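Now for the letters of each chain:
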Amino acid sequence: MARILDGKAIAAAVKQDLAMEIAQLRECGVQPKLVVVLVGDDAASASYVRSKERLARELGMEAEVIRLAADVSEVELLRQIELQNADDAVDALLVQLPLPDHIDTDRVLAAVDPNKDVDGFHPQNIGRYAMGSPLVWPCTTAGILEILVRSSVPLAGQTAVVVGRSRIVGWPTAQLLLAHNATVVQCHSRTKDLTEFTRQADILVVAAGQAGLIGVDDVREGAVVIDVGINRVDGRLVGDVDFDSVVAKAGAITPVPGGVGPLTVAMLMKNTVRLARLRRLTKGDER
Ligand SMILES: Nc1nc(=O)c2c([nH]1)NC[C@@H]1CN(c3ccc(C(=O)N[C@@H](CCC(=O)O)C(=O)O)cc3)C=[N+]21
Ligand SMILES: [Mg+2]
């Protein structure tokens, strides 16, 4: 049976470290502030945003949510972003995705001040992680590394297979694993004979958004399986990996829920603290 990698417990450890760090920062007169822009009233997005706001405050940071109607104009959204860019009290700014169809997501992400871009989605920051050393890694990618490191999974020289190439998860995760000297194969929806690749993986990261995509025959004995999928099936939350069968063959596996998800939110807080430090304490020297 695989070791279950408990995301909730790992996130709790991250939060404990962060609470101490934030208390120290506050003694130096720095209270990190996170601003989240939420457009529309999608229930899942609203619930994620509430958990981000709640955790930021719980850890002693300032948090603000700017709620805009689903039919807000792109111009008005860009204006709101400009206001936050210009506000010196704001360290970290994110626009919750997905955005409504009438808004150009790329233009919006490019409008965020790169030094406040806590998601790491600005083109300048994507360029930085292509070079292996961004200000922050995107939260889910950073969370995956946190799980691997805190579970003592070695990366250097290991074969890592990433299924999915989204800008939010798949692509940055492949870049991060590469930066840690894994041998990385990136698979996606057009990959021919996916199984042939996934069966090679010492570390298998699945971020395809397709329930049941990876079954027991797709996994190598003893592999570390990181399931990033969040799919609702019959009202239940499941990942992209068939947990019940794969758990018997893998060496370690993250559950859904309770795996990568809790780390995504915890790493958003860690990224916020890092941006606050860089912007307020190093005066740009480290950038
Ligand atoms: N600009 C932006 N940045 C994001 O980081 C971002 C985003 N937009 N849009 C949506 C995705 C999704 N995402 C998750 C956050 C927490 C959980 C999470 O806490 N999941 C819990 C379960 C939550 C539940 O029960 O619904 C778990 O897996 O245990 C999942 C997914 C952040 N995202
Ligand atoms: Mg299959």
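Residues numbered from 1 in each chain as written. Chains lettered and ligands numbered in written order. Predicted model: local features only at pLDDT ≥ 70, side-chain atom pairs only at ≥ 80, totals over all residues. Heavy atoms only, no water.

Regarding the UniProt feature "domain: Tetrahydrofolate dehydrogenase/cyclohydrolase catalytic" (unreviewed entry) in the protein chain
Quick note on the threshold: UniProt positions are given in the numbering used here, feature names are shortened, and annotations may be inferred rather than shown by experiment. Each helix corresponds to a stretch of at least 4 residues labelled H or I by DSSP, and each strand to a stretch of at least 2 residues labelled E; elements are numbered beginning at the N terminus.
Under the local residue numbering, the UniProt record ascribes the feature "domain: Tetrahydrofolate dehydrogenase/cyclohydrolase catalytic" (unreviewed entry) to residues 5-119. Annotation note: span residues 5-119, helix share 50%, strand share 16%, distance between end C-alpha atoms 24 Å.

So, the sheet that holds strand S4 (residues 92-95)
In sheet architecture, strand pairing relies on hydrogen bonds along the backbone and comes in two forms, parallel and antiparallel. The condition that has to hold: Two strands make a pair as long as DSSP finds a minimum of two bridges between them. Fitted lines through C-alpha atoms serve as axes, helices being fitted only where they are in contact, and the angles separating the N-to-C directions of these axes extend from 0 to 180 degrees. Whether two residues are in contact is decided by their heavy atoms, any of which lying within 4.5 Å being enough.
Spatially, S3-S2-S4 is the arrangement adopted by the three strands of the open sheet, whose pairing is parallel. Looking at the sheet topology across the chains shown, the edges are occupied by strand S3 (62-68) and S4. Here the strands of the sheet are splayed against their neighbours by 15 degrees on average, with no regard to which way each runs. Lying on the sheet, helix H2 (residues 43-58) is in contact with strand S2 (33-39), S3 and S4; it crosses S3 at an angle near 160 degrees. Packed on one face of the sheet, helix H10 (residues 260-280) meets S2 and S4 and runs near 125 degrees to S2.

Focus on the domain arrangement of the protein chain
For clarity, the threshold we go by: Boundaries between domains were set according to an automatic or database domain assignment.
The assigned domain composition of the protein chain is domain 1 (29-113) and domain 2 (139-262). Once you take the C-alpha centre of each, domain 1 and domain 2 turn out to be 28 Å apart.

Regarding the pattern of salt bridges
Condition: The salt bridge definition used is simple: a Lys or Arg side-chain nitrogen within 4 Å of an Asp or Glu carboxyl oxygen. Between buried and exposed lies partly exposed: a residue is buried under 20% and exposed over 50% of the maximum accessible area for its type, with that area taken using a 1.4 Å probe on protein chains only.
Evaluated as defined, the whole model comprises 15 salt bridges. For Glu-64, the salt bridge identified is with Lys-33, shortest N-O distance 2.9 Å. Taken as a pair, Glu-64 in strand S3 and Lys-33 in strand S2 lie far apart in primary sequence, 31 residues in all. A relative accessible area of 8% means that Lys-33 is categorised as buried. Notably, a salt bridge pairs Arg-150 with Glu-146, separated by 2.8 Å at the nearest N-O pair. With Arg-150 and Glu-146 both in helix H6 (residues 139-150), this residue pair falls four residues apart, about one helical turn. Several salt bridges share partner residues, and in doing so they unite Asp-17, Glu-146, Arg-150 and Lys-270 into one network.

Regarding the sheet that holds strand S7 (residues 203-206)
What the six strands build is an open sheet, ordered S1-S11-S8-S7-S5-S6; its pairing is parallel. For this open sheet the edge positions go to strand S1 (3-4) and strand S6 (183-187), each flanked by a neighbour on one side alone. Alignment of S7 against strand S8 (residues 224-227), held across four bridges, turns out to be parallel. By the bridge assignment for S8, Val-205 is matched with Ile-226. Relative to the sheet, helix H7 (residues 170-179) contacts strand S5 (159-163), S6 and S7, its axis offset from that of S6 by approximately 170 degrees.

Points about the layout of surface pockets
We count it as follows: Cavity means a closed set of points on a 1 Å grid over the protein atoms alone, one where a 1.4 Å probe fits but cannot get out, pocket means an open set with protein on both sides within 12 Å along at least 5 of 7 lines, and lining means a residue has an atom within 4 Å of a point. Grid points are joined across faces, edges and corners, and a volume is the space filled by probe spheres set on the points.
When its volume is computed, the largest pocket comes out at roughly 1,400 Å³. If you go around the largest pocket, you meet 49 residues; those closest to its centre are Tyr-48, Thr-140, Ile-230, Gly-261 and Thr-264. Among the elements of the structure, helix H1 (7-27), H2, S4, H6, strand S9 (231-233) and H10 are those that each provide at least two residues to the lining of the largest pocket. Among the elements that take part in the lining of the largest pocket, H2 stands out by supplying nine residues, more than any other. In terms of domain composition, the lining of the largest pocket takes at least three residues from each of domain 1 (29-113) and domain 2 (139-262). When its volume is computed, the second largest pocket comes out at roughly 200 Å³. Along the wall of the second largest pocket there are 13 residues; nearest its centre are Arg-236, Val-238, Val-241, Asp-242 and Phe-243.

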